[in-house]
Amino acid sequence: MCADKNNVKPSLLKSLLGNKCARCRRGSIYTTPNPYDLKNCLKMPDVCPVCGQPVEVEVGFYYGTGYVSYALSIAVCVASLIAWWLFIGFSIYDNRIFWWLGVNALLLVILQPLLMRWSRTIWMAFFVYYDENWHQGPPQGTGRSNATFKNAI
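These lines cover the structure that appears in this document, whether it is placed above or below. (Residues numbered from 1 in each chain as written. Predicted model: local features only at pLDDT ≥ 70, side-chain atom pairs only at ≥ 80, totals over all residues. Heavy atoms only, no water.)

Topic: unusual backbone geometry
Despite not being glycine, Asn19 has its phi angle at roughly 55°, a positive value. With phi around 60°, Arg25 is a residue other than glycine that occupies positive phi space. Along the polypeptide, Arg25 turns up in the loop between helix 1 (12–17) and helix 2 (65–87). (Helix = DSSP H or I, 4+ residues; strand = E, 2+ residues; numbered from the N terminus.)

Remarks on the packing of aromatic side chains
Taken as a whole and assessed by the stated rule, the structure comprises five aromatic pairs. With a centroid separation of 6.0 Å and 75° between ring planes, the pair formed by Trp123 and Phe126 is classed as edge-to-face. Taken as a pair, Trp123 and Phe126 lie in helix 3 (residues 96–127) at a separation of three residues, close to a single helical turn. Taking relative accessible area as the criterion, Phe126 reaches 46% and is therefore assigned partly exposed. Ring-pair connections join several aromatic residues into one group, and the members of that group are Phe61, Tyr62, Trp123, Phe126 and Phe127. Here the basic side chain of Arg117 rests over the ring of Tyr30, its NZ or CZ set 4.2 Å away from the ring centre. Taking NZ or CZ as reference, Arg120 lies 5.2 Å from the ring centre of Tyr62, over its face. (Phe/Tyr/Trp six-rings, centres within 6.5 Å; stacked < 30°, edge-to-face > 60°. Buried < 20%, exposed > 50% of the residue type's maximum accessible area, 1.4 Å probe, protein only. Lys NZ or Arg CZ within 6 Å of the ring centre and 35° of its normal.)

So yeah, pure geometry; function would need other evidence.
Structure representation (structure tokens):
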């Protein structure tokens, strides 16, 4: 017999990397699973399809993701710098530093859709916590949403 695994608390890291809802850690917060579908990569449903948590907690909620995206980009740059230093090395006698700069810039451009999604997921996890009783219904009185300003530019 298989045990019921619905009561097992999912891993925070696994849910962040999988772009899952912060409240239930099961529902996807993006409408498309492919981050490289550039027209739809940042489209989000109004609520989590599993627990009913509003994805945009309040108007302008995701403006702070720039800080998280910056930190993730710096982490990628430092990791690529260390990897380049260990495997290829740097020297004052040639232009390997410029090759690293070019490879690093290309790496950041390629990873940008993933970094943007992860920054939104991490930002949501800062403010919306895991709820053991998420299956009892949607959260009550969370956030300040104003339909007038939704999707306003």
